[in-house]
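Below are the chains, spelled out letter by letter.
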Amino acid sequence: MSKDIFFFGDWQVDPNSNSLRQGKKTKQLEPKAMDVLLLLCQQQGEVLSSDDIVNQCWPEADIGDNPLHKVINQLRRALGDKATEPSYIETIRKRGYRTLAKVNFPIGHETVADSLTWQAGSPFPGLQAYSANYAEVFFGRSKQIATLLERISVQVKYGRGFCLVLGPSGSGKSSLINAGIMPNLMANTGYNGVKVASYSHLDFANVAKTQLFSELASIMLDWEINDIPVFSGDSAETLSHKLITDMPTIIEQCQQAIKLSSTNETHLALFIDRLEVFLSSPIFTDDQRYAFIEVLEKLANSSVVLIISACRNEFYPLLVTYPSLMAGKGKGAHFDLAPPSRNELLQMIRLPAIAANLSWSVDPETAMPLDEILCTEAASNPDALPMLQYMLQALYLQRSKDNQLLFSVYQQLGGIEGAIGKNADEAMAQLTDSQQACLPQVLSLLVTLREDETSITSRTATWSQLQSKEQHTLTQAMVNSRLFVSHLQNGQACFSIAHEALLRRWPRATAWINEHNDSLRIKSRLHHLTKRWLAENKHKAYLLAEGKPLKEAQALKHNPLFAQDLTPHELALISASNNHEKRQRWQKVADAIKASVPNNECTVARYGGEEFALILPNLSTVEVEQIALLVQQNIKALTFIDIGLDESVSISVSQGYACEINSQFRTAKALLCAADTALYRAKANGRNRINASC
């Protein structure tokens, strides 16, 4: 038997420390006693003679039978067992000893599976993360489960119940916690004295800007101990308010609930999933982030709340800015989830199939079994786990009548590499041309860039954002094919991509992303610039820069694929920036015109949107003509590089003037109308023309 932790009845056995643990009780064993216990448990239920035990535990020692009798007595005392009424170790007269209590390993540690133990449909969840319901068929992560459980117990021992799991997208972080860690911590024996009474799951992909604390409050309302809610009498609204204003009361309620536990539970637990969304999304402000993380820190230090979070490792630089998220790293609070080894991949493939009584066909040309083929392909694929699970689920859905997973189906699907894309194409092929044509609009709702403007990621959209029956039909077809997921978020019907592998492995999606990468980049930048502009109270210093940045935003506003997704604040920033750029441009024009008039008696005024009026008293017709030519010359010389416009940008000027010489205009209005008429004649004659009404 290995030196890994296992369970013997109600006791947790740690061979490395020669200790037994039951709840808060710990018993220390002598090394010889642990050797005997390991041997008996390894041969669980079988009778071992005294000679067998001595020869296997101490092969070179001549110690006789009496020392073994003392070791057995020590084990019984430690286990609280009795020779006359044994529950753990039984003496078989004149034959030897055997174990009575069941020997179990932590959930997920199994390296073999029993056939027909799984009868709940497919043992493969596809693109969805494993949930606790799949714990029985969650294989291949025993080392990671053991390490993380140990890390968690160490953090609890240090007085701070917080662990952060880091790994790339699709590495199985959520599955590890949901199907590996939490079922172990909620088992009757717990782990290393940590036993979770109730746990809740918060996925930041489903949290809206205004719902941050109310979402946390909502999942905390699910905590129950002995079927009694921890926060009985609270609503999401009242508990959310307490999270912001009265954390001591919340912590006291949690502590009191744990004290009343009748089955030795030690903690309530929160699983905070997709932390990277919270750290990077523009919908959350820095103040919101700091406030939320402070609440998590207080819960983690309460001694009764365990917080486990999952974050994509490429967002690690964002973690560094939050000291509490970095606290405990040196003591093991951060756990890096490595890709599975080839042997672990084989367990993930084979053992669930055995549990569900499934078999594998072979490649008729090479005679290689399909499970070996899958393992070989998955081991070389960067999207191994989601792609593999998707393939396994597809194979299960198209299995033969005698429950065999078929190589022919594997070929039809295009292997692991092509399975997702092929299924997406097949789903699209069932749609009409007009329905297929809606894919760009649907993708524009689901695809975005991170703040680095280079990395593609997915987001949640609402069904109400779909603008036509055809868009609804396409989206539902993708949901039916398990490529999209439909769910409720804050009471709204939403949908999202089942896994981002679809964006990397479906040619239609990758082609669309490549085609619209510039627009996605501009949209992402606009998100963050709008956030900063609002944070600075809409100060003009934070408007979009004139020139290319403003032009790009204006083009996005008129792009039918992305205009529908612009927020009112983003549209307001574009409008304010556009107006500011116009004001700057026309100010330069006004300055050029003003520089053309001869003295302070002359007046230059903005007359309309793009029109100016000059009042030139006591000047002759010849002088007015000269001023008009000077205006034309000064405006022609203008450049707008300093306000971000291209050097090729120029402005032409049409001018019309009227002179009062012989009192021919009876009123000022008549004089103005004459000048206006001259202006329209100048415009009609072409660019940069001057016309007079005298």
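Here the structure is a predicted model, which means the values were calculated and not measured. (Residues numbered from 1 in each chain as written. Predicted model: local features only at pLDDT ≥ 70, side-chain atom pairs only at ≥ 80, totals over all residues. Heavy atoms only, no water.)

1. Thoughts on the pattern of salt bridges
Scanning the model with the defined rule gives 16 salt bridges in all. Residues E297 and R160 are paired through a salt bridge, measuring 2.8 Å at the closest nitrogen-oxygen approach. In this pair, E297 sits in helix α10 (residues 286–300) while R160 sits in the loop between α4 (142–157) and β8 (162–167), placing the two residues 137 residues apart along the sequence. When the shortest N-O distance is used, the salt bridge between E611 and K683 registers 3.5 Å. Taken as a pair, E611 in the loop between β22 (603–606) and β23 (612–615) and K683 in helix α28 (residues 668–684) lie far apart in primary sequence, 72 residues in all. (Salt bridge = Lys/Arg side-chain N within 4 Å of Asp/Glu carboxyl O. Helix = DSSP H or I, 4+ residues; strand = E, 2+ residues; numbered from the N terminus.)

2. Topic: the packing of helix α24 (residues 548–557) against helix α26 (residues 568–594)
At their nearest, the axes of α24 and α26 sit 10 Å apart, and the two run at 130 degrees to each other. As far as their axial angle goes, α26 and α24 are oblique. As for how α24 packs across α26, the hand of that crossing is left-handed. Residues L550, A553, Q554 and K557 of α24 pack against L571, I574, S577, N578 and E581 of α26. Among the residues forming the contact of α24 with α26, the class breakdown is four nonpolar, three polar and two charged. (Axes fitted to C-alpha atoms, helices over the stretch in contact; angles between N-to-C directions. Parallel < 35°, antiparallel > 145°, perpendicular 65-115°, else oblique. Left-handed = near helix turned anticlockwise from the far one by under 90°. Contact = heavy atoms within 4.5 Å. Nonpolar A, V, L, I, M, F, W, Y, C, P; charged D, E, K, R; others polar.)

3. Side note on the side chain of Q144
Relative to the helices and strands, Q144 resides in helix α4. Here Q144 is in contact with L176, F335, L337, A338 and E344, once residues within four sequence places are set aside.

4. Topic: the packing of aromatic side chains
In this structure the tally under the stated criterion is 16 aromatic pairs. Each ring, one from F8 and one from Y88, has its centre 5.4 Å from the other, and the planes form 70 degrees; the classification is edge-to-face. In this pair, F8 is assigned in strand β1 (residues 6–8) and Y88 in the loop between α3 (66–79) and β5 (89–92), connecting sequence segments 80 residues apart. You can call F8 buried: its relative accessible area is 0%. Feature note: the residues F204, F213, F278, F284 and F292 constitute an aromatic cluster, connected by ring pairs. When the ring centre of Y158 is taken as reference, the NZ or CZ atom of K331 above it lies at 4.5 Å. We note K683 situated over the ring of Y680; from NZ or CZ to the ring centre the distance is 5.0 Å. (Phe/Tyr/Trp six-rings, centres within 6.5 Å; stacked < 30°, edge-to-face > 60°. Buried < 20%, exposed > 50% of the residue type's maximum accessible area, 1.4 Å probe, protein only. Lys NZ or Arg CZ within 6 Å of the ring centre and 35° of its normal.)

5. Side note on the state of the cysteines
One pass over the full model with this rule turns up zero disulfides. Note on C438: no disulfide assigned, nearest cysteine sulfur contributed by C494 at a separation of 20 Å. Given a relative accessible area of 8%, C438 falls into the buried group. (Disulfide = S-S within 2.5 Å.)

6. What to know about the sheet that holds strand β4 (residues 25–28)
Strand order in the open sheet formed by five strands is β4-β3-β2-β1-β7, with antiparallel pairing between adjacent strands. Of all the strands in the sheet, the pair left with one neighbour each is β4 and β7 (103–104). Sheet analysis places β1 next to β7, joined by two bridges and oriented antiparallel. Note on β7: the bridge partner recorded for F8 is V103. Where helix α1 (residues 31–42) meets the sheet, it contacts β1, β2 (11–14), β3 (19–22) and β7, and its direction lies at approximately 85 degrees from that of β1. (Pairing = 2+ DSSP bridges.)

7. Here we look at the packing of helix α23 (residues 517–535) against α26
Where α23 contacts α26, the two axes come as close as 9 Å, and the packing angle between them is 85 degrees. Overall, the two elements α23 and α26 adopt an arrangement that is roughly perpendicular. On α26, the residues that touch K523, L526, H527, L529, T530, W533 and L534 of α23 are H569, E570, A572, L573, I574 and A576.

8. A short note on the nonpolar core
If you look at the biggest cluster of nonpolar residues, it comprises 83 residues, and the most contacted ones within it are L370, L374 and F484. For this core, the element with the highest residue contribution is helix α15 (residues 384–397), accounting for nine residues. For L370, the residues in contact, after removing those within four places along its chain, are W360, S361, V362, L395, L405, L406, F407 and Y410. Among the nonpolar cores identified, the runner-up in size contains 46 residues, and L166, A257, F292 and A300 belong to it. (Core = buried A, V, L, I, M, F, W, Y, C linked by side-chain atoms within 4.5 Å.)

9. Topic: empty space enclosed by the protein
Under the defined criterion, the tally for this structure stands at three cavities of 30 Å³ or more. In this structure, the largest cavity spans a volume of roughly 50 Å³. Forming the boundary of the largest cavity are I522, R525, L526, L529, L544, P549, E552 and A553. If you list the elements that add at least two residues to the lining of the largest cavity, you get α23 and α24. Here the element with the most residues in the lining of the largest cavity is α23; it accounts for four residues. A breakdown of the residues in the lining of the largest cavity according to their chemical character gives six nonpolar, no polar and two charged. Size it by volume and the second largest cavity reaches roughly 40 Å³. Forming the boundary of the second largest cavity are R160, F162, I293, L296, E297, A300, S324 and L325. Going through the elements one at a time, α10 and α12 (323–326) are the ones with two or more residues in the lining of the second largest cavity. At four residues, the largest contribution of residues to the lining of the second largest cavity is made by α10. (1 Å grid on protein atoms, 1.4 Å probe; cavity = no way out; pocket = protein on both sides within 12 Å on 5 of 7 lines; lining within 4 Å. Points joined across faces, edges and corners; volume = space filled by probe spheres on them.)

10. Details of the layout of surface pockets
One number sums up the size of the second largest pocket: a volume of about 1,200 Å³. Looking at the second largest pocket, it is lined by 42 residues, and the ones nearest its centre are F612, A613, L614, Q655 and G656. No other element matches α28, which puts seven residues into the lining of the second largest pocket. The residue makeup of the lining of the second largest pocket, split by class, is 27 nonpolar, eight polar and seven charged.

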